[in-house]
Amino acid sequence: MDLEGRDIISIRELTREEIDWILKTADSMEPIAKKGSDMLKGKILATLFFEPSTRTKLSFETAMLKLGGETIGFAEPEAASIKKGESLADTIRVIQNYSDVIVLRHPLEGAARFAAEYAEIPIINAGSGSEEHPTQALLDLYTIRREKGGIDGLNIALVGDLRYGRTVHSLAYALSLYNVKLYLVSPSLLRMRREVIEDIKGKIEVIEGLGLEEVIPDVDVLYVTRIQKERFPDLSEYAKVKGSYMINLDVLKGAKDDMIILHPLPRVDEVAVEVDSTPYAKYFKQVWYGVIVRMAILALILGAVK
Ligand code: CP
C-alpha cells in the first residue's frame, strides 16, 4: 500500500484497508514521538488556517517537528496577502513553492478540493466549513481502537450538533466501513445531514430519534460535540438549541463501566468538568493520539513510510 503524494480531502476517498494502515502506522509513531526522528528532515509543512484552531494546527506542526521537518504558515489570513485580494488559487500556487505538503482549514465547503486542483503537492483538509474534517476522524478511530481494543462490534453514539459539526460527518462516513451500530442523538434542528445518512444507511445500522438517556446504557463510545454557534445563519435558531445536552455524572449513572467519552474539542458546556476525572473521559488522551496519527499521515504522504 502506498499513500505517497495523496491528498486527504474527504475520508470517503480512503478505503478501510488504507485507514487501518494509517492507524497501524500511528502505533509505530508513538516511540518515535517520544525520542524524535529525522524521518522528514528537509521537508516543509505549510499550515494555512483561514479559521481558528488550537489542536489541528499545533498537532500537525508538532507532528512535523517530531519527524525532523520544518513548518511555515499563517493562522491570521488578515496578515497575509489575502487581505490585499489574493485568491485562494493563487495563494496555493505560491505556497507550494515553499513547502512539500499543505494543511488547509477554510470556512467554505469544497475549499480543500478546490485547492487540490491547483496544487502539485498534497493538500490535507484540516476542516472545510461544516463539510468534513478527515484527519480528526482518523484520530477518533485511532482513539476508539486504542481504548476499546478495536472498532468492529461496538455501539457508538454521536451526540450534539450533527448538522454543522464537520467532525461527525467524517466520523460517520469512516465508521460505516466498520461493523458498528451508530446512534445519532441531536435536537431535530441539528439532525445529521440527509446525504450523510443516506450514504451510511445500508452499510451499518443507524438509529435516530432516541434521547440520550435511552441510548447511554447501550453504548460503548459516546462521541460528544459542541453546538457550532458560528455556523448558524440565524442566532435565534442557536438560542433554541443552546445547552441541549450536558453530559454530567448524573447522566452517566446508567452507562456501562467501560464506556468511553470522546470529544473533538473545544468543549463549551456539553461535558461537565466533573466528568474529566472519571475513567470515561478520554478526550485529553485523544489529543495526544492526534499527534501520532498526524505523524503517520505526514510520514505516509511524504513517502517516508511505505
Ligand atoms: N478538533 C479540532 O479541530 O480542534 P481545533 O479547532 O482546535 O483545531
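This one's a predicted model, so the numbers in the text were calculated from it and none came from an experiment.

Scoring rules and cut-offs
- Residues numbered from 1 in each chain as written.
- Predicted model: local features only at pLDDT ≥ 70, side-chain atom pairs only at ≥ 80, totals over all residues.
- Heavy atoms only, no water.
- Helix = DSSP H or I, 4+ residues; strand = E, 2+ residues; numbered from the N terminus.
- Rg over C-alpha atoms; globule rule 2.2 N^0.38 Å.
- Buried < 20%, exposed > 50% of the residue type's maximum accessible area, 1.4 Å probe, protein only.
- Near = heavy atom within 4 Å.
- Polar contact = N/O pair within 3.5 Å; in protein donor to acceptor, adjacent residues only side chain to side chain.
- Areas by Shrake-Rupley, 256 points an atom, 1.4 Å probe, with all protein chains shown as cover.
- Nonpolar A, V, L, I, M, F, W, Y, C, P; charged D, E, K, R; others polar.
- Domains from an automatic or database assignment.
- Salt bridge = Lys/Arg side-chain N within 4 Å of Asp/Glu carboxyl O.
- Axes fitted to C-alpha atoms, helices over the stretch in contact; angles between N-to-C directions.
- Parallel < 35°, antiparallel > 145°, perpendicular 65-115°, else oblique.
- Left-handed = near helix turned anticlockwise from the far one by under 90°.
- Contact = heavy atoms within 4.5 Å.
- Expected span 1.5 Å × (residues − 1).
- Buried area = accessible area lost by both parts, 1.4 Å probe.

A. Broad picture of the overall build of the protein. Broken down by element type, the protein carries ten helices and nine strands. Computed over C-alpha atoms, the radius of gyration of the protein comes to 19 Å, within 12% of the 19 Å expected from 2.2 N^0.38 for 306 residues, which places it in the range of a compact globule. C-alpha atoms of the protein, sized along the principal axes, occupy 55 × 45 × 40 Å. When the 306 residues of the protein are sorted by exposure, 57% land in the buried category.

B. Looking closely at the site of the ligand. Every residue near the ligand is listed here: Ser53, Thr54, Arg55, Thr56, Arg105, His133, Gln136, Pro264 and Leu265. At a separation of 3.0 Å, an oxygen atom of the ligand approaches a polar side-chain atom of His133. Contact between the ligand and Leu265: a nitrogen atom at 3.1 Å from a main-chain N or O atom of the residue. Protein chains shield 91% of the accessible area of the ligand, which is 250 Å² for the free molecule. Residue composition of the shell around the ligand, by class: two nonpolar, five polar and two charged. Counting the residues that make up the shell around the ligand, at least three belong to each of domain 1 (11–131 + 288–301) and domain 2 (134–286).

C. Seen up close, the pattern of salt bridges. Applying the stated rule across the entire model yields 26 salt bridges. Of the charged contacts in the structure, one is a salt bridge between Glu51 and Arg231, with a shortest N-O distance of 3.0 Å. In this pair, Glu51 sits in the loop between strand E1 (44–49) and helix H2 (55–66) while Arg231 sits in the loop between strand E8 (221–224) and helix H9 (235–241), placing the two residues 180 residues apart along the sequence. Assigned by exposure class, Glu51 and Arg231 land together as buried. With a shortest N-O distance of 2.7 Å, Lys240 and Glu237 are connected by a salt bridge. Residue Lys240 and its partner Glu237 are located together in helix H9, separated by three residues, close to a single helical turn. A residue is classified by how much of its surface remains accessible, and Lys240, at 60% relative accessible area, is exposed. It is possible to trace a salt-bridge network through shared partners that takes in Arg16, Asp20 and Asp152.

D. Expanded view of the packing of helix H5 (residues 134–148) against helix H6 (residues 166–175). Between H5 and H6, the shortest axis-to-axis distance is 8 Å and the interhelical angle comes to 55 degrees. Classified by the interaxial angle, the pair formed by H5 and H6 is oblique. Between H5 and H6 lies a crossing whose hand is right-handed. In this structure, H5 uses Pro134, Gln136, Ala137, Asp140 and Leu141 to contact H6, whose residues at the interface are Thr167, Ser170, Leu171, Ala174 and Leu175. Looking at the contact of H5 with H6, its residues break down into six nonpolar, three polar and one charged.

E. Fine view of the side chain of Thr47. Mapped onto the elements of the fold, Thr47 is located in strand E1. Those residues in contact with Thr47 that sit more than four places away from it in its chain are Lys57, Glu61, Ile72, Gly73, Phe74 and Val103.

F. Quick peek at H5. Here H5 contains 15 residues, and its C-alpha end-to-end distance of 21 Å stays within 8% of the 21 Å for a straight helix at 1.5 Å per residue. Buried within H5 we find Pro134, Thr135, Gln136, Ala137, Leu138, Leu139, Asp140, Leu141, Tyr142, Thr143, Ile144 and Glu147. Two residues or fewer after H5 comes Gly149, characterised by a positive phi angle close to 80 degrees.

G. Structural detail: the environment of Gly211. Among the secondary structure elements, Gly211 is positioned in the loop between strand E7 (205–208) and helix H8 (212–215). For the pair Gly211 and Leu184, spaced 27 residues apart in sequence, the C-alpha to C-alpha distance is 9.4 Å.

H. Layout of the domain arrangement of the protein. As far as domains go, the protein holds domain 1 (11–131 + 288–301) and domain 2 (134–286). The C-alpha-based centres of domain 1 and domain 2 are spaced at 25 Å. At the interface, 34 residues of domain 1 touch 33 residues of domain 2. At the boundary of domain 1 with domain 2, total buried surface from both sides reaches about 2,700 Å², with 54% on carbon and sulfur atoms. When the area that domain 1 buries against domain 2 is broken down by residue, the three leading residues are Ile11, Arg16 and Tyr289, summing to 28%. Linking domain 1 to domain 2 there are six salt bridges. Among the ionic pairs, Arg16 bridges to Asp152, the shortest N-O distance being 2.8 Å. Counting across the domain 1 and domain 2 interface gives 20 residue pairs in polar contact (both at pLDDT 80 or more). When residues in the side of domain 1 that touches domain 2 are grouped by element, the largest group, nine residues, is from helix H1 (residues 16–35). By residue class, the composition of the side of domain 1 that touches domain 2 is 14 nonpolar, eight polar and twelve charged.

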